[in-house]
Amino acid sequence: MTLLSFALRIKEVRDLQNSYAATRDIDVLARLKDMEKELDRLIHSIITAPRNPF
């Protein structure tokens, strides 16, 4: 995953947070929770990925 696509996912989560704060729409909340879980998995995979020592 490129840095750009990672940044876009973070932006999408932030946009969903703002949308939920404005509307309190349960569908937006469900999407937000799904995106947060996906982002958490992605962050975990980046942190635990083997590092190239060179």
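Description of the structure in this document. (Residues numbered from 1 in each chain as written. Predicted model: local features only at pLDDT ≥ 70, side-chain atom pairs only at ≥ 80, totals over all residues. Heavy atoms only, no water.)

1. With respect to unusual backbone geometry
Thought 1: The phi torsion at Arg 24 lies on the positive side, around 55°, for a residue other than glycine.
Thought 2: Looking at the element boundaries, Arg 24 is found in the loop between α1 (3-23) and α2 (26-48).
Thought 3: Relative accessible area serves as the criterion here: at 57%, Arg 24 is assigned to the exposed category. (Helix = DSSP H or I, 4+ residues; strand = E, 2+ residues; numbered from the N terminus. Buried < 20%, exposed > 50% of the residue type's maximum accessible area, 1.4 Å probe, protein only.)

2. Some thoughts on the pattern of salt bridges
Thought 1: For the structure shown, the criterion picks out 3 salt bridges.
Thought 2: Between Glu 38 and Arg 9 there is a salt bridge, with the nearest N and O atoms lying 1.7 Å from each other. Separated by 29 residues along the polypeptide, Glu 38 in helix α2 and Arg 9 in helix α1 bring together distant segments of the chain.
Thought 3: Residue Glu 38 is classed as partly exposed on the basis of its relative accessible area, which comes to 29%.
Thought 4: For Arg 9, a relative accessible area of 28% translates into the label partly exposed. (Salt bridge = Lys/Arg side-chain N within 4 Å of Asp/Glu carboxyl O.)

3. Focus on the nonpolar core
Thought 1: Counting residues in each nonpolar core, the largest one holds 8 residues, listed as Phe 6, Val 13, Leu 16, Val 28, Leu 32, Met 35, Leu 39 and Leu 42.
Thought 2: Elements supplying a minimum of two residues to this core: α1 and α2.
Thought 3: Considering every element that reaches this core, the biggest residue donor is α2, with 5 residues.
Thought 4: With near-sequence residues (within four places) excluded, Leu 39 lies in contact with Phe 6, Arg 9, Ile 10 and Val 13. (Core = buried A, V, L, I, M, F, W, Y, C linked by side-chain atoms within 4.5 Å. Contact = heavy atoms within 4.5 Å.)

4. Re the environment of Leu 32
Thought 1: Mapped onto the elements of the fold, Leu 32 is located in helix α2.
Thought 2: Judged by relative accessible area, Leu 32 falls into the buried class, the value being 6%.
Thought 3: Distance from Leu 32 to Ser 19, taken between C-alpha atoms, is 9.5 Å for residues 13 residues apart in sequence.

5. Some remarks on α2
Thought 1: The terminal C-alpha atoms of α2, which comprises 23 residues, lie 33 Å apart, in line with the 33 Å expected from a rise of 1.5 Å per residue.
Thought 2: Looking at the packing, one finds that the buried side of α2 touches α1.
Thought 3: Capping the start of α2 is the job of one residue whose side-chain oxygen sits 2.7 Å from the backbone nitrogen of Asp 27: Asp 25. (Expected span 1.5 Å × (residues − 1). Polar contact = N/O pair within 3.5 Å; in protein donor to acceptor, adjacent residues only side chain to side chain.)

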